[in-house]
Each structure stands twice: as structure tokens, then as C-alpha cells.
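# Observations on the model geometry
Here is what each chain is made of, one letter per residue.
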2 protein chains.
Amino acid sequence: MALESKKDWILMATARSPTNIAVVKYWGKRDEALILPINDSISVTLDPSHLCTTTTVAVSPKFDRDQMWLNGKEISLSGGRYQRCLREIRSRAGDVEDEERGICIGKEDWGKLHVHIASYNNFPTAAGLASSAAGFACLVYSLAKLMNVREEQGKLSAIARQGSGSACRSLFGGFVKWEMGKDSTGSDSIAVQLADEKHWNDLVIIIAVVSSRQKETSSTTGMRESVETSPLLHYRSTEVVPKRILQMEEAIRTRDFSSFARLTCADSNQFHAVCLDTSPPIFYMNDTSHRIISYMEKWNRFEGTPQVAYTFDAGPNAVLIAPNRNVAALLLQRLLFYFPPSTDTELKSFVLGDQSIVKDAGIVTKEDMDALATPPEVKDNNASTQKFPGDVSYFICTRPGKGPVLFTDEAQALLHPSTGLPEVSYG
Amino acid sequence: MALESKKDWILMATARSPTNIAVVKYWGKRDEALILPINDSISVTLDPSHLCTTTTVAVSPKFDRDQMWLNGKEISLSGGRYQRCLREIRSRAGDVEDEERGICIGKEDWGKLHVHIASYNNFPTAAGLASSAAGFACLVYSLAKLMNVREEQGKLSAIARQGSGSACRSLFGGFVKWEMGKDSTGSDSIAVQLADEKHWNDLVIIIAVVSSRQKETSSTTGMRESVETSPLLHYRSTEVVPKRILQMEEAIRTRDFSSFARLTCADSNQFHAVCLDTSPPIFYMNDTSHRIISYMEKWNRFEGTPQVAYTFDAGPNAVLIAPNRNVAALLLQRLLFYFPPSTDTELKSFVLGDQSIVKDAGIVTKEDMDALATPPEVKDNNASTQKFPGDVSYFICTRPGKGPVLFTDEAQALLHPSTGLPEVSYG
């Protein structure tokens, strides 16, 4: 066998996966181990150019154990979630042959081979930007490619789901629904694509990363406590969400921004309402989050029709969605007016991502920010023109994006091709 | 007639009414004009020595119109709520004779006589401490006394309800239930006393008046928007509250502090959850409110059994209820540890109300506050020992108290006995 004859080969695969933001929220599991949700959810996949995880997976007879590095630092793979993903992928592995390099792996061999995994987020891991969604999606996707798993994307999503629930939605680009399913094994609790990223490509997304001194409740703990104690969550999941899912699908299908915005905001607020109805109550939004909502609501009301949708996950960061570039520029002007940087922050480290939105907003220098006019909707109201410098750490301008991709260029790999250990150049 | 023969007499009545804090919340009307609620609510009446409204009502043939002064400043009586209370009381007025002063008013005369009303809160009106509840209760109670209305207290509560919903609960001391009623005229939407103030007289109540830069949504507007837009409110009012009311009645009856605290906290949180589920969302609690809850939850969890109940009305102020003086002293120590005054605030203007609790807490000087030890429940957690000076404006120590009382001492009157105009000495 090739496995025996030549033990120094390393087989690698590198992939990139997007993160996603739910517009109808997932909150609550009916099965903790399999990560089966109590309701469907819908998300928008974010452009991986601005927010993504890159993962290289490698296999070699010379590896003596499974190992993983996240952002260059070794982390334990002993947790059930990693183990479950690895086991599920290995059990579906196919034959791999690389004649040129003399590699021949039969599907029965995968259980004996160890893997090295290196993963890297192009955004701060701890900032509450769904890094685990992108991370597990990328892990499962890259392992599936490496091990020649011939399952359709939906089946892969059910594996990623067992790493982190929302990860299943990162297996697709554009607009994605996670169907809760009925089966007790979770086989039908999978992600399906509602529309690809080109379907509604005018949308612009601006993320406000909000400064916080608070240590947050993990979403795993939070949703377990909500399921156990919130009288409102059951009603939400059984009565409210099913209707909202249909309405949201229709809004996406018809690119009806007003409905999309209304549903997105209402669902975000209801998710946080359920957190508050939990005992002890969970607070993910802080005063800055509340202010962002108030300003957006004021603007929407002033214009008579929704200009912007907002949504907040399990943390204080705001994800703001504008229907097109023009409105996005007006949105960014408002955000920078209310939430300018602290005096020692440079513009280029304050607004990240798609710089063309910054230019459209007429912001070239920090002075342009200081010169921003008071938005008309608050002109008659002194209290509202207060500014809160430093309350937002930075903004990221992005858009809906595509699903996972495999890199064929070996230069993208995060593991050294001959040692199988992390490259130190990134980070 | 006496009315014609001698026109310079003034007949006055002065009463004092307490404020109250709901432990099962009222949020949502089924009839806006009559102020009929969508669920029962239960409150604790607060000791009027620390929080009350004093109102003097006067009637005289020489008054040419109805007039009212609140805290010495004239305010309009043209609003529907005042008009309704005045009309309801006048329609039930009885005969009044004061032989000594030669006054004889037949019940048919009241419609022709104008009233002067002076009202004074012994606490800041704008601080969100239910001043309208105490105010309308006192208005209705004092007018009823002046006009010799022979209705039982429950009937008066139905009149006060039309001024401000929660005012109906301020017609009684101790623990009070506002029964939502069924009748479309509101005749059975009245307050009933569950237990008087002596029933559970160990309880100590500490109010934290939280500093806020936010302009808050009025509760009238807020609850209307919740009724119109919150999918969760209907479920709360029809499914959750009816069970909670029964449990709360039982907890009060048996003086079961653990159940009382659990229900009180859960109901406050659910009320704020519904506010968040409203479109646009309503935020009454701010970061300071959230911190108070987190500290109280941490303490309760550390002790294994609830030490303190918290509840928040339509604003950021916390109302904290301790089972007895010993726990109240420990509670005050914690509050002063986390939320000391700004450097320029004196102790005596920072902790108001029952000073014996302050003494029990071992606080005599400002230095005693600085010397407070870190609470054991946060000792191992550096993040939690952060202090927030100035985030609480002041504290008020109080307890459950009695219902409205009539003052027989004319020196208490807020209107001059010969002019019927406000005395200027108070305020």
C-alpha cells in the first residue's frame, strides 16, 4: 500500500468560508448534542473578502495525533463539537489517489490517519462576529474536500451544524434558510440556499463593532437558559417565527426592502426580548446598541419608508443593511456623525472593508468626519445631536457574499507543505 | 340658599396618597379612554413618609374656574384625564353642611362650583417614580372627601383609574390587586386590597434613582405601541399573567419571599421584554439598570436563595425589595459599593428616606462608603468589582405603607384658607 511504502507525504486542502448574519434568528435547541433548533432561521452570507475564515487541513502518515491551530495558536480538539465533525466527515470519506505523488488512500484508511488543521479569521475572533459559524463551515468544507466526501452541500451543512448551529448556514452564499427539520437524528436539519449572492446584489451591509466592558453570556449557555426559563420563547418559536419565515422568504424573493427591513428589525428585537425574558435575564445589547437602534428608527420614520434594517446577534454589535450604495453612503455619514472615533484613531483603522462606500460618503480625511452635517431627522431635537466618540470601535463595510471556495493555489495554505505545521507569516 | 347668601367661604380638604410599585406589571389597555387594562396587576404600596403626593382641594362660590397647581406651578386641567375624574366625582357628590361656617351645599350645587387643586410630591416628579399614580389617587380621594362622595374605596379606585391606570392601586395600602374586569364601562376594573401594610411588615424597599440622558417614551404611548405591534404581549397578558397573579397572591399570602422575589423579577423582565418586542422597540432600562440586575442575580445565586427582588417600571430606576432589615443593610452596602456618589455629593443627599437602614449598614460618613468591602460573590471576579460613581443619582430607603389619609390639621393645607391660592412656603 502507498500508506506503508512512503510515509513522508502530506496531502492538504485549503478553503475559505464566509460568516453569516441571521435576519430571522436561531435561538433555542431541541437537542443539545445534535444542535437541532426549535425554529427555522434565515441568514445573509457576508462577503468573505471582508469577513471569512481560511482553513488548511492536512493529512499525513507521519502525523501522530489530530492537532489544530486557530490564528496561529494551538487549541484543543478534544471538545465534542470538533470530535463530532471529524468523525462525521471521516465516516463519509472516499478514496483519494494522487498518482504523481504516489499517494493512494482508501476510504478505510482515513480512520487511521491524523489531521492537522490551521484556521485563520480575517477579522477579530473575539469581537462577536460569528467566527464559529465561519470556522466550523470552513473546517467541514475543507475536510470534505481533502477526504473526497461526495455529499451534497446540504448534507455537509448538517455536519457543520453539529460544530456550531449557525455554521450550517455558512455553507452557502447569498440568502440561506436553516430548516429545523423533524427527524430525531438531525438528518433533515440542514441549510438550503434561498437565493444566491447575485439575486439582490444592491444590498450594502455595515457592521458597527461596539465597544463593551461586559463579559457576555455564551450563546450556547444563553439559549439553553432561554429554553428552560423563558415563557415567551416557546410562543415565539411555534407561533411567530413560522409566519415570519414565510414572509421573509417572500421579501427576499421579491427584493422587497421595506418588508425585509421590517421583519429583520422585528425579529432581532424579539430575539433580544426573549433573552430579557430569560431567568436570569441576558443582556446582549448595551446603551450604544440602543442608541444605534433609536437613530435608525428615527431616520426610517423621518423618511416614511425603511432606509435601513438593523440586526444584533448575541453581543452589542450592530449589523446594518442598506438597500443600495446611495443609501449606504447616507447611512455611513450618520454612523460617523453619531459615533466618531476616539481622537487617537485613524480613519483607515476605523472604517474597514469596502472603501468605496467610504468614498461615496465623501469621507477622505478625518476632518471630513468632523464636518459631517447634522442629519435632518434630528435637526430640531438638540438631545439627539449628541455624539458618542469611541463608543463604536470600528465599522466594516461589506455586502452579501458567496459560499465556501476551495483554493487551488498552494501559496494560500496555512500549513507548511513539508512539515504540516503552521506557517508563521500570517496573523 | 347659602350659596347665594354668602359668597366668600372656602371649603377645603387635604389628603396624602402613596405611590405604588407593581410586582406584576400593568402594560397594555383594552380601552384607551376608560383606561381598562389587558391583564390584572399587583402592586406594593410604598410608605408615604418617603414617597407621596399631598393634595389640597378647595371649593368656593368665588372661584371662577377650575384651576390646578402642581408643585407650586399652575398646570392645565383641560386634559381628558383630569376632566373625567372631576366629572365622575362631581356626579357622585353628596350634600355638605357646615353649620358653624354657614355653608350648605346641596349635591345638585357641585356642578356649578369651581375647584382649586394644589398638589405636591415629596419626591422629584420627573424621576420616574410613579408620581401620576400618587397624584391621581390623591386628587380623587381628596375631592371625594371634600364633596362627600359616599362610595367605597373600590369605586373611587375606578375613578382614579381614569386619571392614570396605576393610580387605582394607590387607593389602598399594603398589597393591592387591580382586577382588569370584564365590563365595557369599566365598573369592575377596580383595585382590591390583598393584604394591608402590616401583613408583611419586615420588607424593606430601596429605590435606586438612575441617572439617565435618555428621553423616555411615555408609558401611555409605549403601551399603546406594544398593544399594536408586539406579538408577545398578547401571549403574556392571556397566558402568562393570569397564572402569575395566582402565584403572586399565594406568595404574598404566605409571605414566601423566595417565590415573591422570583415572580417579581421574572415579571419585570418580561414587561421590558415586551417593550423590546414593540415596534419601534422601547428601551426603559439602561446599562446601569442592567448592571444592578446582574449584581442582584449574582448575589442571589451566590447565596442559593433569593436575597433581593428587583423590579423596574417605565424608566431606568431600580426598585429593590429585601425580606428584612438585616438583608436590607447588606443590600445597601452592595449598592453603595458598586454605585458610590460622585465626589461632590454628600451622603445625606445620596441616601434618602429611612435613615435607620443606612445606620444598620454601618454607614455614618462618606469614608464608610469608600471602606466598604468587596461583596464575597464577586471576590474572585475582577471585572465585577468595577465601581460606577455617579451612575445612581440617589437612593431612597422605604417600606410597604398605608393608603390615602385625610389631614384634619388645616396647617397641612397647600391652599390659603382665605384666598384659595397656593401657599408659597412648600417646595
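Residues numbered from 1 in each chain as written. Chains lettered and ligands numbered in written order. Predicted model: local features only at pLDDT ≥ 70, side-chain atom pairs only at ≥ 80, totals over all residues. Heavy atoms only, no water.

## Focus: the packing of helix 8 (residues 287–303) of chain B against helix 9 (residues 325–338) of chain B
When two helices pack together, their arrangement is captured by the angle between the axes and the distance separating the axes. All names here are of chain B. Contact geometry of helix 8 with helix 9 gives a least axis separation of 11 Å together with a crossing angle of 135 degrees. Of the possible angle classes, the one that applies to helix 8 and helix 9 is oblique. Read as a crossing pair, helix 8 and helix 9 show a hand that is right-handed. Two secondary-structure elements touch here, helix 8 through Y295, M296, W299 and E303 and helix 9 through V327, L330, L331, R334, L335 and Y338. When the residues that make up the contact of helix 8 with helix 9 are grouped by side-chain class, the tally is eight nonpolar, no polar and two charged. (Axes fitted to C-alpha atoms, helices over the stretch in contact; angles between N-to-C directions. Helix = DSSP H or I, 4+ residues; strand = E, 2+ residues; numbered from the N terminus. Parallel < 35°, antiparallel > 145°, perpendicular 65-115°, else oblique. Left-handed = near helix turned anticlockwise from the far one by under 90°. Contact = heavy atoms within 4.5 Å. Nonpolar A, V, L, I, M, F, W, Y, C, P; charged D, E, K, R; others polar.)

## What to know about the domain arrangement of chain A
Residue and element names in this part refer to chain A. Here the domain parsing of chain A yields domain 1 (2–196 + 407–412) and domain 2 (204–398). Contacts between the two partners involve 29 residues from domain 1 and, on the opposite side, 40 residues from domain 2. In total, about 2800 Å² of surface goes out of reach between domain 1 and domain 2, with carbon and sulfur atoms giving 72% of it. It is V23, K25 and W27 in domain 1 that bury the most area against domain 2; as a group they hold 30% of the surface buried on that side. On inspection of domain 1 and its partner domain 2, the count reaches three salt bridges. Between E249 and K177 there is a salt bridge whose closest N-O contact spans 3.1 Å. Elements represented by at least two residues in the side of domain 1 that touches domain 2 include exactly strand 2 (20–24), strand 5 (41–45), strand 12 (175–178) and strand 13 (191–195). With four residues, strand 2 is the largest single contributor of residues to the side of domain 1 that touches domain 2. Class assignment for the residues of the side of domain 1 that touches domain 2 results in 17 nonpolar, five polar and seven charged. (Domains from an automatic or database assignment. Buried area = accessible area lost by both parts, 1.4 Å probe. Salt bridge = Lys/Arg side-chain N within 4 Å of Asp/Glu carboxyl O.)

## Quick look at the pairing of strand 5 (residues 41–45) of chain B
Residues and elements named next belong to chain B. Buried residues dominate strand 5, accounting for five of its five residues. Here strand 5 shows two buried faces, one formed by S41, S43 and T45 and the other by I42 and V44. Inspection of the sheet shows strand 2 (residues 20–24) paired to strand 5 by four bridges, in the antiparallel sense. Paired with V24 across the two strands is I42, which belongs to strand 5. (Buried < 20%, exposed > 50% of the residue type's maximum accessible area, 1.4 Å probe, protein only. Pairing = 2+ DSSP bridges.)

## A word on a negative patch on the surface
Residue and element names in this part refer to chain A. Side chains of D95, E97, E99 and E108 sit close together on the surface and give a patch of like negative charge. Looking at the element boundaries, E99 is found in the loop between strand 9 (96–98) and strand 10 (103–105). For E99, a relative accessible area of 72% puts it in the exposed group. (Patch = residues over 30% accessible without salt bridge, like charges linked within 9 Å, V, L, I, M, F, W, Y side chains within 5 Å. Areas by Shrake-Rupley, 256 points an atom, 1.4 Å probe, with all protein chains shown as cover. Lys, Arg positive; Asp, Glu negative; His and termini not counted. Charge placed at Lys NZ, Arg CZ, Asp CG, Glu CD.)

## Brief notes about the pattern of salt bridges
All names here are of chain B. For the structure shown, the criterion picks out 35 salt bridges over all chains. In this structure, the salt-bridge partner of D47 is R399, at a minimum N-O distance of 2.4 Å. Placement of the pair is D47 in the loop between strand 5 and strand 6 (52–60) and R399 in the loop between strand 18 (392–398) and strand 19 (405–407), with a sequence separation of 352 residues. When its relative accessible area of 31% is taken as the criterion, R399 is described as partly exposed.

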